[in-house]
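# Residue-level structure breakdown
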Amino acid sequence: MPEKPYDHTHIELKWHERWQNADFYKAEENSSKPKFYVLEMLPYPSGMLHIGHIRNYSIGDALARYKWMQGFNVLHPMGWDAFGLPAENAAIKNQRPPREWTLDNIAAMKKTHRRFAFSYDWDREVSTCEPEYYRWNQWFFLKMLERGLAYRKRALVNWCSKCATVLANEQVVDGCCWRHEDTPVEQRALEQWFLKITDYADELLDDMAGLEGEWPERVLTMQRNWIGRSEGTEVDFHLEGTGEPIRVFTTRVDTIYGATCVILAPEHPLNETLLDSGVKAQAKAMVDGRAGRDPGDIDKEGIFTGRYAVNPYSGEKVPIWIANFVLMGYGTGAIMAVPAHDERDFEFCRKYGIAVRPVIRPADGPLAIEPGMKAPYCDYGIVENSGQWSGLASADARKQMSAHAEQQGFGKAAITYRLKDWGISRQRYWGTPIPVIHCPKCGVVPVPENQLPVILPDRIEITGAGRSPLENVPEFVNVTCPACGEAARRETDTMDTFIDSSWYFYRYCDAHNSERPFDPEKIAYWFEIDQYIGGVEHAILHLIYSRFFTKMMRDIGLIKNDEPARRLFTQGMVIAEGAKMSKSKGNVVGADVLADQLGADTSRMFVLFAAPPEKEVDWRTEGAEGIYRFLGRVYRFLTRNTPAEARSGESDRKVLRKLHQTLRKITEDFETRWHFNTCIASIMELVNQLYAEEQNISAAAMQQVLETIALMLAPFAPYLAQEMWEELGHDGPVFRHSWPTFDAELAKEDEAEIVIQVNGKLRARLSAPFGTPKEELEARALADEKVKTFMDGKQIVKIITVPDKIVNIVVR
RNA sequence: GCGGGCGUGGCGAAACUGGCAGACGCGCCAGAUUUAGGUUCUGGUUCUCGAAAGGGAGUGUAGGUUCAAGUCCUAUCGCCCGCACCA
């Protein structure tokens, strides 16, 4: 048969239309099948088409198709995309989300998402921009409010002047906004809504033990650090004169006899009364000087307050300082400085001439007192010069001294977390409105459940003035109080969109439920997620929030699982122009162009071929032609060999062996490593061999090989695979066909190739049947002419033989 | 400073359990087809000595273990990521 040229545009358009119009790929759920849940992408309002996600698409996509062909029920949030239609498709490609939030852009976005949510044929979709999704976000909020898990307080918050909104701690990167990396975050005092994620700090930490081995170690470590649990003691020093307590937190109460001053954070509340106005200004300057700077670059600075505090253990009077290295956000915002045993305290006290007094000695040495010491001394050992605790080991002293503080009422053992409650108030237009009403008489009143969802007004003006644009919409703001009926104001803050992503994957299981967020029975069927795929960049934001939400939903009785995802895979990012490809940077052009020029199959497969999925890749398109060429080679080979011609078949054995070896490699890789780059390489090898043996393959073998190639390509290049499937005389979707099984016997080589080494260097090879005895292999090796020349005049010391593999002759 | 990871051709990479380093692709070189270019097909392509056969060296660097090391161990240099005055 004459071959046809590979016309990707024709093929992709043809199947695009067929897939869109028919209910070709309608989800099919069968309780007798195993389930498999792939999640690889967050439904950010603007995230759908994001190039940074092309790797997710490709990985999760290929995996989902494979699992589907294996006979699993697959729930895949991208709906039909999972079964063929890539996001880079022309039909939706122009709906790139707007970068600047103008009214027009928001209108466009709503349109995009409406279309996205309703246009495809899979009934599990959900869009976080939809009113129904607002309803359930708000419903969760009210549940948390009932349980005291949501609360409002005036707090110093992170503020990005470019976003004109508040940011969560997790959204502050190097002191700057995560979306504007050059804009230092300011601190402002505002009334804010918080979720009490700290209630779950211990559980979030402890349950990580069960994720060990299933989640990347790196992610678990990051979460542990983020939660930052540390055990210590809270102790009240007393302000000299008034006796007012100054509570400090320390992990080393055993060193308290070495405390030579107390240091407060510059924003510590006590400063209000402690400092005169000149010093207050200096304290303010300290706070400002710290913003947006790398802690390593900031010199320690302090100011003596002129006041003193009394050590409750020793009764000693020590000076009170304020210093820029003490953080209000951690512990109590006040510390005792023990310069002899802490590096930072040491540096500070040396600078300001404050006494350094060791109280710990090594277990096997004396207490060293060197006036000119250059560094803090001996971490753990025996406590000395510490009243009744002298002579105890550090650890014992810590316990006993904590207990003492509690008995005497001036302190207690305490656990401190770095994790803070999650500030969710945003002054944006596009988040879920927080469903409460502020009534002058009744205070904060929740919106009754039957009035949900509170939806956003259409007519708004974006001011960027640092107040929610909703405040300028009277018909939104002015309401009557649900409790007393008097005039009241609606809350104008909206929720952090990380709320959406914290539970969206549950909603995928039951997207059209109008009674509840989802049906618990459906969740019980699908959850936990078997395999979650996402970028490392979510290690502490999304992946802590969603774990928190899961535990919260369990506690309100909706679900049974403690954790959202059993296994997590973090894929590498796509880097362009030295930076992570991201929608806020706008450096996301490449893949669209590539898909236009070479097609969706090529761009998808190219990304998979570039590197293993956990690795970062630099986005570059040189080399994409290689993939295009390969797909063309496959297609041309197919079309000139269908129907297959009658030929000798003398290469059948060889070709089928290669076929089954390839199939084995891909099958095993899908089960374990997902190194699709090598899968694709092995298909290329197979095709190269087909070209070489083309004239000697029988018709039956040809048909079998081509069908198997179509099936093997289906996860990677769905359009071409589908086209091949049709050319080979099959109806229906190629994904409906089960994944082919490899035959280990057919994959086996006839003979083993034995490598002959002399002193570890390759000198010859020979072929021998599998299982040839050692002695025979050695005899044949020694008889080899080449080997003889290298042994010439030397003594054989020993011979190491690994059957079917290697003979190493050691000579001297 | 603490924690994690990575260093392999001109480039992306492969080598999964210690057993042939560089699969596969890009790029480059040559040949065939073509009026030519492009496409396609075939062959070559780590470095180095050699006309060739063939030899030698080679996985950041220096040691070590082993019959055998890209892979294991020790030290060291470089790069990347995360955390960080966290008391």
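Quick note: structure is the one above.
Below, the structure is looked at part by part. All values reported here derive from a predicted model rather than from experimental measurement.

### Details of the sheet that holds strand β19 (residues 436-439)
If you trace the four strands from one edge of the open sheet to the other, you get β20-β19-β22-β21, paired in antiparallel fashion. Taken across any chain shown, the strands that pair with only one partner, and hence form the sheet edges, are β20 (443-446) and β21 (478-480). The average angle at which neighbouring strand axes cross in this sheet is 40°, direction not considered. Note that β21 and strand β22 (residues 487-490) share three bridges and pair antiparallel. Across the sheet, residue T480 finds its bridge partner in β22, namely A487.

### Points about the packing of helix α17 (residues 600-610) against helix α20 (residues 676-693)
Close contact between α17 and α20 brings their axes to 6 Å; oriented N to C, the two are set at 110°. On the basis of their axis angle, the class for α17 and α20 is roughly perpendicular. In this structure, α17 meets α20 at a crossing whose hand is left-handed. Between α17 and α20, the contacting residues are M605, L608 and F609 on the first element and F676, N677, I680, A681 and M684 on the second. Counted by class, the contact of α17 with α20 contains seven nonpolar, one polar and no charged residues.

### A few points about unusual backbone geometry
The omega torsion of the bond from L452 to P453 falls at -5°, within 30 degrees of zero and hence cis. Here P453 is to be found in the loop between β20 and α12 (474-477). For the peptide bond that leads from F527 to E528, omega is 5°, which places it in the cis range. Secondary-structure assignment places E528 in the loop between α14 (520-526) and β24 (531-535). Although it is not a glycine, W674 adopts a positive phi angle of roughly 60°. Within the element layout of this structure, W674 appears in the loop between α19 (652-671) and α20. A relative accessible area of 4% places W674 in the buried class. One non-glycine residue with positive phi stands out, namely N759, at about 50°. Within the secondary structure, N759 sits in the loop between β29 (751-758) and β30 (761-769). Under the relative-accessibility criterion, N759 is labelled partly exposed at 45%.

Rules and cut-offs
- Residues numbered from 1 in each chain as written.
- Chains lettered and ligands numbered in written order.
- Predicted model: local features only at pLDDT ≥ 70, side-chain atom pairs only at ≥ 80, totals over all residues.
- Heavy atoms only, no water.
- Pairing = 2+ DSSP bridges.
- Helix = DSSP H or I, 4+ residues; strand = E, 2+ residues; numbered from the N terminus.
- Axes fitted to C-alpha atoms, helices over the stretch in contact; angles between N-to-C directions.
- Parallel < 35°, antiparallel > 145°, perpendicular 65-115°, else oblique.
- Left-handed = near helix turned anticlockwise from the far one by under 90°.
- Contact = heavy atoms within 4.5 Å.
- Nonpolar A, V, L, I, M, F, W, Y, C, P; charged D, E, K, R; others polar.
- Buried < 20%, exposed > 50% of the residue type's maximum accessible area, 1.4 Å probe, protein only.

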